[in-house]
Amino acid sequence: MMQHDVEVPCMKFRLATAAPWWRPANGNLLRIQGGRPLVGTYPISGAKNAVLPLMVSALLTPHLVTLRNVPANLDVAVLAALLQRLGCEMHWSTRAGDLALTLSADRIRPTGIDADLVARMRASVLLLGALLARCGEARLPMPGGDAIGLRAIDFHIAGLRAMGAVVALEGGLIHAKAPAGLHGADILLPQPSVGATENLLLAAVLADGTTTIRNAAREPEITDLAACLITMGAGITGLGSHVLTVTGGRALAGAVHGVMPDRIELGTLACAAAMTDGELMLPHGRLDLLGTAAESFAAAGVDLRETEGGLIARRANAGLCGIDITTQPFPGFATDLQAPTMALLTLAAGASTISETIFEQRFRHVDELRKMGADIAVHGRTARVRGVDRLRGAAVTCTDVRAAAALVLGALAASGETVLDGLDHLDRGYDRMTGKLAACGAAIVRTDG
C-alpha cells in the first residue's frame, strides 16, 4: 500500500496549519480509463519550480511579501510548514481561483528547522543562502526530494564560502555561519546549476558589496525570482543571461508578485492533447517558456498555436513522429519534460533517441511504461524508443514527480484501465491535476486501494 506523507497524523496537522487549503486527496490510487480525447480548457498553474524560491525570498525582509498565482500542491504545503517553523507568519486567500500567500518574516528563528520536512523536498536547500544572509547562520539537514540523482550541493557551498561563510558538513547536517556577515564575490559555477544560482542570488542581495555569478543558469524561474527581488529593492542586472551581477547590502522592502506560469505543466499537457488526439486550450501558455522544446514538440507532431489567451495544443495532421532529444539547461530541452515527452514518443511513428545529461537516474519511469506495452531500451543515459500502435492499461507506480506525469499521460492514451500508485509524487508537483483532467473529458478517479 502506498505511503502518503500527509496521512501521517503529525504531518497532516503541520501541513493543514501552515497551508489550510491543503487536504489529502481521497484515495491512494488513481484509476484512468484511457482512450478518450482531452478537449477543453486546462488551467496552467503557477510554476512549482518558481514559487518555492519565491517563498524563501520572504525570509530576506521583515516586510510583507505577497505571492499570487500560487499552485496548490504538496511541495508548497511542505515548504509553508517549514517556513512557519522558522517563525514566518502567513495568510492565505483565494479570489476567482487565484491562490495568494502573504508572508511575514519579521521574527525569524534560524534554528527552527524541521528535519522531517527538509527530507521531503530538494528546495529546502535554498534556506541556506537566505538564512545566512538574514541571520548570519543556518543549520539544516541535507535536503531530500526525488531520487533522480546525486544533485550534490558542492556548488552552493563553494559559492557561499567565497562570500565569507564558514560551512561544515557533519553527520548529515549542514552547519553554516557568517560571523562577519556575507560579502560580495566573483563566483564561477562549474555548471549552470539552477539551485546554486538561486541560492547564491538569495544570499548576495543582502551581502555587502557586489557579487557576480558567472555561468549562471538561465531558466525562466530564476528570472522570475530576480524580478521579485528587484521589486523588493535588490540591485540585480543580467537577467536571462549567464552573468548575474548583484549589488548587495540594500535593505529589502516588501512586494506583491505574480508567480509565472508552469512551463513544465504547459509542455506536459501539450503532450497529453497530442497523445489523446484532442485539443486543449492552455491559458497563459507561451512558446518562449518552452525554449527549444517548442521546436522539438513541433517536429514530433505536437501542434502548438499561440493565441491572445494562451496556447492551443493538439496533434498535427501528419500524426506523431519520432525525434531525437537531449536534455540541456535552458533554453535547451528541459530535463523535467523528458519523462512526459518519452510517454508521447512511445506512440510516435519510427524510433526516437532521448539522451539525459542532467540527472543520472532519470529513467526510472521506463520500466513502468514498459508494463503498458512501450518499446524502450536504455543504455546508460540514453533511451531508444520505438513507437507502438497503442499502449495498454496496467498497474504502475509513480517514482518521482515527472515520472508520475508521464504515467498519467500514458494511461490517458492507453486502451483499458490503468491504476497508478505512488500518488504523493503527483501531489508534490501538480495542482489539482485529477480534477482538471476530468473537466477536459478524462475518465479519471482517485480511489482507495
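Scope of this entry: the structure provided in the associated data block. (Residues numbered from 1 in each chain as written. Predicted model: local features only at pLDDT ≥ 70, side-chain atom pairs only at ≥ 80, totals over all residues. Heavy atoms only, no water.)

This part covers unusual backbone geometry. Of note, the bond from Phe 330 into Pro 331 is cis; its omega dihedral lies within 30 degrees of zero at 15 degrees. For Pro 331, the position within the fold is in the loop between strand 17 (324-326) and helix 11 (338-345). Positive phi outside glycine occurs at Asn 215, with the angle close to 60 degrees. Along the polypeptide, Asn 215 turns up in the loop between strand 10 (210-214) and helix 8 (220-231). Under the relative-accessibility criterion, Asn 215 is labelled partly exposed at 24%. Its identity as a non-glycine residue notwithstanding, His 284 has a phi of 70 degrees, on the positive side. Classification of His 284 by relative accessible area gives exposed; the value is 55%. (Helix = DSSP H or I, 4+ residues; strand = E, 2+ residues; numbered from the N terminus. Buried < 20%, exposed > 50% of the residue type's maximum accessible area, 1.4 Å probe, protein only.)

As a further point, take the pattern of salt bridges. Taken as a whole and assessed by the stated rule, the structure comprises 16 salt bridges. Here Arg 402 and Asp 336 are joined by a salt bridge, their closest N and O atoms 3.6 Å apart. Taken together, the positions of Arg 402 in helix 13 (residues 401-413) and Asp 336 in the loop between strand 17 and helix 11 put the pair 66 residues apart, joining distant regions of the chain. When its relative accessible area of 3% is taken as the criterion, Arg 402 is described as buried. Take Asp 336: its relative accessible area is 12%, and that puts it in the buried class. Taking the shortest distance from any N to any O, the salt bridge between Arg 446 and Asp 427 comes out at 2.9 Å. Separated by 19 residues along the polypeptide, Arg 446 in strand 23 (residues 443-447) and Asp 427 in helix 14 (residues 423-429) bring together distant segments of the chain. Asp 427 matches Arg 446 in its accessibility class, with the two residues each being buried. Each of the salt bridges in this network shares a partner with another, and the network as a whole consists of Lys 48, Asp 75 and Arg 428. (Salt bridge = Lys/Arg side-chain N within 4 Å of Asp/Glu carboxyl O.)

This next bit is on the pairing of strand 13 (residues 255-258). Taking every second residue as pointing to the same face, the buried face of strand 13 carries Ala 255 and His 257, while none of Val 256 and Gly 258 on the other face is buried. In this structure, strand 3 (residues 65-68) lies alongside strand 13, joined through four bridges in parallel fashion. In the sheet register, Arg 68 faces strand 13, and the bridge partner there is Gly 258. (Pairing = 2+ DSSP bridges.)

So, about the state of the cysteines. Tallying each qualifying case throughout the model produces zero disulfides. No disulfide involves Cys 228; its sulfur sits 13 Å from the nearest other cysteine sulfur, which is in Cys 88. (Disulfide = S-S within 2.5 Å.)

A few words on the packing of helix 6 (residues 154-162) against helix 7 (residues 194-204). Running from N to C, helix 6 and helix 7 cross one another at 25 degrees; their axes reach a closest spacing of 8 Å. The orientation of helix 6 with respect to helix 7, classified from their angle, is roughly parallel. The crossing of helix 6 and helix 7 is right-handed. When helix 6 is examined against helix 7, the residues Phe 155, His 156, Gly 159 and Leu 160 are found in contact with a partner set consisting of Gly 195, Ala 196, Asn 199, Leu 200 and Ala 203. (Axes fitted to C-alpha atoms, helices over the stretch in contact; angles between N-to-C directions. Parallel < 35°, antiparallel > 145°, perpendicular 65-115°, else oblique. Left-handed = near helix turned anticlockwise from the far one by under 90°. Contact = heavy atoms within 4.5 Å.)

As far as function goes, none of this settles anything; it's purely spatial.
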